[in-house]
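# Fold and contact review
Spelled out, the chains give:
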Amino acid sequence: MRCLAVLLCLGFTSLAAQQPETPPDSGTARAESVPPAPPPSPTPEQKHFLDGLKTATRGLAQLKDGIGRVSRASKGDSVAQQRAGQFLAGLCGSSRGFLKRGRPQMNPTVYEDTVRTKAKRLTTQMDTLIAFTPACEQRAAAVPNSTAVELSKRLKSYDGALRDFRLAIGLPVKEDTAKAPKHP
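Below is a short write-up of the structure. (Residues numbered from 1 in each chain as written. Predicted model: local features only at pLDDT ≥ 70, side-chain atom pairs only at ≥ 80, totals over all residues. Heavy atoms only, no water.)

Right, let's talk about the overall build of the chain for a bit. Each helix and strand counted, the chain has five helices and zero strands in total. Secondary structure of the chain in N-to-C order comes out as α-α-α-α-α. For the chain, with 184 residues in total, the buried portion stands at 28%. Pairs at least 24 residues apart make up 75% of the contacts formed inside the chain by residues separated by at least 6 positions. Split by element, the accessible area of the chain, about 12600 Å² in all, is 59% carbon and sulfur. (Helix = DSSP H or I, 4+ residues; strand = E, 2+ residues; numbered from the N terminus. Buried < 20%, exposed > 50% of the residue type's maximum accessible area, 1.4 Å probe, protein only. Contact = heavy atoms within 4.5 Å. Areas by Shrake-Rupley, 256 points an atom, 1.4 Å probe, with all protein chains shown as cover.)

One pass over the full model with this rule turns up one disulfide. Shown here is the disulfide that connects Cys 92 with Cys 136, its sulfur atoms set 1.8 Å apart. Placement of Cys 92 in helix α3 (residues 78-102) and of Cys 136 in helix α4 (residues 113-139) is noted, with a sequence separation of 44 residues between them. (Disulfide = S-S within 2.5 Å.)

What follows deals with the nonpolar core. Of all hydrophobic cores here, the largest spans 32 residues; its most connected members are Leu 122, Leu 151 and Phe 165. Aside from chain neighbours lying at most four places away, what touches Leu 122 is Phe 49, Leu 53, Met 106, Tyr 158, Ala 161, Leu 162 and Phe 165. (Core = buried A, V, L, I, M, F, W, Y, C linked by side-chain atoms within 4.5 Å.)

What follows covers the pattern of salt bridges. Side chains that differ in sign of charge can pair as their charged atoms come close. This model, assessed by the stated rule, comprises eight salt bridges. Where Glu 137 meets Arg 96, a salt bridge forms, and the shortest distance between an N and an O atom there is 3.0 Å. Of this pair, Glu 137 sits in helix α4 while Arg 96 sits in helix α3, and the two are 41 residues apart along the sequence. We classify Glu 137 as partly exposed; its relative accessible area is 31%. The residue Asp 164 makes a salt bridge to Arg 121 at a minimum N-O spacing of 2.9 Å. You can see Asp 164 sitting in helix α5 (residues 144-169) and its partner Arg 121 sitting in helix α4, a full 43 residues away along the chain. Three or more residues are tied together by salt bridges with common partners; here these are Arg 121, Arg 163 and Asp 164. (Salt bridge = Lys/Arg side-chain N within 4 Å of Asp/Glu carboxyl O.)

Axis separation between α4 and α5 bottoms out at 9 Å; the angle between their running directions is 165°. Here α4 lies roughly antiparallel to α5, going by the angle between them. Read as a crossing pair, α4 and α5 show a hand that is left-handed. Split by residue class, the contact of α4 with α5 holds 16 nonpolar, five polar and six charged. (Axes fitted to C-alpha atoms, helices over the stretch in contact; angles between N-to-C directions. Parallel < 35°, antiparallel > 145°, perpendicular 65-115°, else oblique. Left-handed = near helix turned anticlockwise from the far one by under 90°. Nonpolar A, V, L, I, M, F, W, Y, C, P; charged D, E, K, R; others polar.)

Below, the discussion takes up the side chain of Thr 147. Structurally, Thr 147 can be placed in helix α5. For Thr 147, a relative accessible area of 0% translates into the label buried. Non-local contacts of Thr 147, meaning those with residues more than four positions away in its chain, are made with Leu 88, Phe 132, Cys 136, Arg 139 and Ala 140.

Okay, the packing of α3 against α5 next. It is the contact of α3 with α5, at a shortest axis distance of 9 Å, that shows an interaxial angle of 40°. With respect to α5, the axis of α3 lies oblique. As α3 runs across α5, the sense of the crossing is left-handed. Side by side, α3 and α5 meet where Gln 81, Gly 85, Leu 88 and Cys 92 of the first sit next to Pro 144, Asn 145, Thr 147, Ala 148 and Leu 151 of the second. Residue composition of the contact of α3 with α5, grouped by class: five nonpolar, four polar and no charged.

Here's what the structure looks like:
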């Protein structure tokens, strides 16, 4: 008799284990536990825009590198400042190539409504940087500090436009990795 009770108990336990667990009531799920919906996949034209942005970003990274070199050159060492200025001048020239190659692919009309205005602002900021690169190339070797300051202002405006654009299309916004960490 005990043997029959043990077999029945094991049988019911194994059958209960095979039953699917009832899903929780959808009304009681927390909002934090629901993953956000992924952004819609871009159209081919929007992908073309993003590819142009990716190309142009390489030029922007070069500009940020040049600014960093000028800012790291010691104030009393005129040779280091001159070398950093010459390097910034070269980077302004090479970055212009990446910016000019990526910018024509960036047509803001491929987006709708508010995203279009953000894309237009982004391309306007990029056009401003492209227009400044010849002056940067000419002046950076002679006056590296003032050129770097002017370029930093323009890059800051561009970074704000890029951040707004990325938020508008649903991409994650990354902190600028070129920023120096703040020490107390």
